[in-house]
Amino acid sequence: MPIRDTALLQLAQKRRLYYKICRNCGARNPPTAVKCRKCHSYNLRWKRRELKR
Ligand SMILES: [Zn+2]
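Along each chain, residue indices are assigned from 1 in the same order as the chain's sequence is written. It should be noted that, the model being predicted, local features are given only for residues of pLDDT at least 70 and side-chain atom pairs only at 80 or more, the latter also being counted only at that level, while totals for whole chains, interfaces and linings use all residues. Values reported for side chains reflect all heavy atoms of the structure, with hydrogen atoms and water molecules removed beforehand.

## Here's the deal with the pairing of strand E1 (residues 19-22)
Because side chains alternate across E1, one face comprises the buried residues Tyr19 and Ile21, and the other comprises Lys20 and Cys22, equally buried. For two strands to count as paired, DSSP must find a minimum of two bridges between them. Counting from the N terminus, the helices are the DSSP runs of H or I reaching at least four residues and the strands are the DSSP runs of E reaching at least two. Bridge count between E1 and strand E3 (residues 44-47): four bridges; the pairing is antiparallel. In the strand pairing of E3, isoleucine 21 is matched with arginine 45. Of the strand pairs in this sheet, E1 and strand E2 (residues 28-29) are connected by two bridges, and their pairing is antiparallel. Each bridged residue has a counterpart across the sheet, and for lysine 20 the counterpart in E2 is asparagine 29. The hairpin turn running from E1 into E2, its antiparallel successor, is five residues long, and glycine 26 in that turn takes a positive phi close to 80°. A 1.4 Å probe rolled over the protein chains alone gives each residue an accessible area, and that area as a share of the maximum for its type sets the label: buried under 20%, exposed over 50%, partly exposed in between.

Here's what the structure looks like:
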């Protein structure tokens, strides 16, 4: 019996894939971020990869 159930696994994958990337310096930022934590640029894009590929 696996320790991780599907719900937890999906949550973990979402957490790993759902973040924002700065177009200016390429730093990873939390999904709640409005501006980059590194260079304070507002030029953020979503890194949102679907779970199925
Ligand atoms: Zn930045």
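## A few points about the sheet that holds E1
Taken in spatial order, the three strands line up as E2-E1-E3 in an open sheet, and their pairing is antiparallel. The sheet terminates laterally at E2 and E3, the two strands that pair on one side only.

## Quick look at the coordination of the zinc ion
Within the first shell, the zinc ion binds the protein through Cys22 (SG), Cys25 (SG), Cys36 (SG) and Cys39 (SG), at distances of 2.3 Å. Because no water is among the atoms considered, metal sites can look incomplete, with donors defined as N, O and S atoms within 2.8 Å of the metal, or 3.2 Å for Na, K and Ca. The rule is simple: four donors are tetrahedral if all their angles sit between 85 and 135 degrees, four are square planar and six octahedral if opposite donors span more than 155 degrees and the others lie between 65 and 115, and anything that fits none of that is irregular. Classification of the site at the zinc ion as tetrahedral follows from its four donor atoms and the range of 105 to 112° in their angles at the metal. Mapping the donors of the zinc ion onto the primary sequence gives the spacing C-x2-C-x10-C-x2-C. The exposure class of cysteine 39 is partly exposed, given its relative accessible area of 30%.

## Regarding the environment of proline 31
Here proline 31 is to be found in the loop between E2 and E3. For proline 31, a relative accessible area of 39% puts it in the partly exposed group. Residues proline 31 and tryptophan 46, spaced 15 residues apart in sequence, show a C-alpha to C-alpha distance of 8.0 Å. When residues no more than four places from it in sequence are discounted, the contact partners of proline 31 are Tyr18, Tyr19, Lys20 and Trp46. Residue contacts are counted whenever heavy atoms from the two residues lie within 4.5 Å of one another.

## Things to note about the packing of aromatic side chains
Two rings from Phe, Tyr or Trp (for Trp, the six-membered ring) form a pair when their centres are within 6.5 Å of each other. A pair whose planes differ by under 30 degrees is stacked, one over 60 is edge-to-face, and the rest are tilted. Under the definition given, this model contains zero aromatic pairs. Lying across the ring of tyrosine 19, arginine 28 places its NZ or CZ 5.2 Å from the centre. Sitting over the face of the ring of tryptophan 46, arginine 48 holds its NZ or CZ atom 4.7 Å from the ring centroid. Working rule: Lys NZ or Arg CZ, within 6 Å of ring centre, within 35 degrees of ring normal, means a charge sits over the ring.

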